[in-house]
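# An overview of the molecular structure
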Amino acid sequence: MRRYLRFVPLVLLLAVVAELAVFIGVGRAVGFGAAVLLVFAASLLGLVLLRREGMRAWRGFRTSVESRQPPGRQVTDGLVGLAGALLLAIPGLLSGLVGVLLLVPPVRRLARAGVQRATERRVSSMVAGDLFGPRTVRVRQGEPAAPPSGEDVVAPQVVDEGRAIEGEIVEPRRP
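A brief look at the structure comes next. As the structure is a computational prediction, the values presented were derived from the model and not from experiment. All chains use their own residue numbering, which begins from 1 and follows the written sequence. For this predicted model, a pLDDT threshold of at least 70 governs which residues receive local features, and a threshold of 80 or more governs which side-chain atom pairs are given and counted, while totals over whole chains, interfaces and linings are taken from all residues. Side-chain measures were taken over the full set of non-hydrogen atoms in the model, leaving aside hydrogen atoms and water.

## Focus on the overall build of the protein
Segments assigned H or I by DSSP are reported as helices when at least four residues long, segments assigned E as strands when at least two residues long, and all are numbered from the N terminus. Counting its regular elements, the protein contains seven helices and two strands. The secondary structure elements of the protein, listed N-terminal to C-terminal, are α-α-α-α-α-α-α-β-β. Any two residues whose heavy atoms approach within 4.5 Å are treated as being in contact. In the protein, once contacts between residues fewer than 6 apart in sequence are set aside, the share between residues at least 24 apart is 62%. All accessible areas in this document rest on Shrake-Rupley with a 1.4 Å probe, and a residue is counted as covered only by the protein chains that are shown. When the accessible area of the protein is evaluated, it comes to approximately 13,300 Å², of which 65% is carbon and sulfur surface.

## Topic: helix 5 (residues 93–103)
Residue burial is assigned from relative accessible area. The probe radius is 1.4 Å, only protein chains are included, and a residue is buried under 20% of its type maximum, exposed over 50%, and partly exposed in between. Of all the residues in helix 5, the buried ones are Leu 93, Ser 95, Gly 96, Gly 99, Leu 102 and Leu 103. The inward-facing, buried residues of helix 5 contact helix 2 (8–30), helix 3 (32–66), helix 4 (72–89) and helix 6 (105–122).

## A closer look at the environment of Val 16
Among the structural elements, Val 16 can be located in helix 2. We classify Val 16 as partly exposed; its relative accessible area is 47%. In this structure, the C-alpha to C-alpha distance between Val 16 and Gly 92, residues 76 residues apart in sequence, is 8.9 Å.

## Regarding the nonpolar core
Side chains of a nonpolar character, in soluble globular proteins, are inclined to be buried together. What makes a nonpolar core is a set of buried Ala, Val, Leu, Ile, Met, Phe, Trp, Tyr and Cys residues whose side-chain atoms join them at distances within 4.5 Å. Core analysis: the largest hydrophobic core is formed by five residues, namely Ala 42, Leu 49, Ala 85, Leu 88 and Leu 103. The set of elements that each furnish at least two residues to this core consists of helix 3 and helix 4.

## With respect to a nonpolar patch on the surface
Patch membership requires more than 30% relative accessible area and the absence of a salt bridge. Residues of like charge join within 9 Å; the nonpolar side chains Val, Leu, Ile, Met, Phe, Trp and Tyr join within 5 Å. For salt bridges, the criterion is a side-chain nitrogen of Lys or Arg within 4 Å of an Asp or Glu carboxyl oxygen. A cluster of nonpolar residues, Tyr 4, Phe 7, Leu 10, Val 11, Leu 13, Leu 14 and Val 17, forms a patch on the protein surface that exposes about 710 Å² of accessible area. The element best represented in the nonpolar patch is helix 2, accounting for five residues. Tracing the backbone shows Val 17 in helix 2. Exposure remark for Val 17: the relative accessible area of 48% places this residue in the partly exposed category.

## Focus on the side chain of Arg 112
Here Arg 112 lies in helix 6. We classify Arg 112 as buried; its relative accessible area is 12%. Excluding anything up to four places from it in sequence, Arg 112 contacts Arg 73, Thr 76, Asp 77 and Val 80.

## Comments concerning the environment of Gly 78
Position of Gly 78 among the secondary structure elements: in helix 4. Placed 34 residues apart in sequence, Gly 78 and Arg 112 show a C-alpha to C-alpha distance of 9.0 Å.

## A look at the pattern of salt bridges
A complete count under the given rule lists seven salt bridges for this structure. With a closest N to O distance of 3.0 Å, Asp 77 and Arg 108 form a salt bridge. Taken together, the positions of Asp 77 in helix 4 and Arg 108 in helix 6 put the pair 31 residues apart, joining distant regions of the chain. Each member of the pair Asp 77 and Arg 108 is classed as buried. A salt bridge links Asp 77 to Arg 112; its shortest N-O distance comes to 3.4 Å. Here Asp 77 is found in helix 4, whereas its partner Arg 112 is found in helix 6, with 35 residues between them in sequence. With relative accessibility at 14%, the residue Asp 77 sits in the buried group.

Here it is as structure tokens:
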């Protein structure tokens, strides 16, 4: 993670250059005043949506906690919505476009799934299970993978005559 932090200033500089290029292009196409009004209107809409998305995320989180459900889906959906509203509130046409896209339900679902996958890769399966609930997987009979060196080989068990079964991924407890 730290190795990627050194690229943050470069990415921010490229984002500012891209925003200026888009603003100049839109300003030439529709006029400078109209481009400024468009940026102002998008930022104002973003500020309104920021409050709405924040309240929606908080309500979803509270509802899931009160019903004793894993809060991960509501949290990631709220984070994606807040990110979209924040990008819309930041003055800029390109960031506003990305923000609007993150608020569109199909794109929002895709982004939420991406955030969930990234989170599951970075935390243990036990924590991911607490956040998002147990993952359902399909298991097929096949050749067992070679165990890491130094571990005992456990013979695979044939369950359900070799058909696919559904189950939970459970991380073994470490001593």
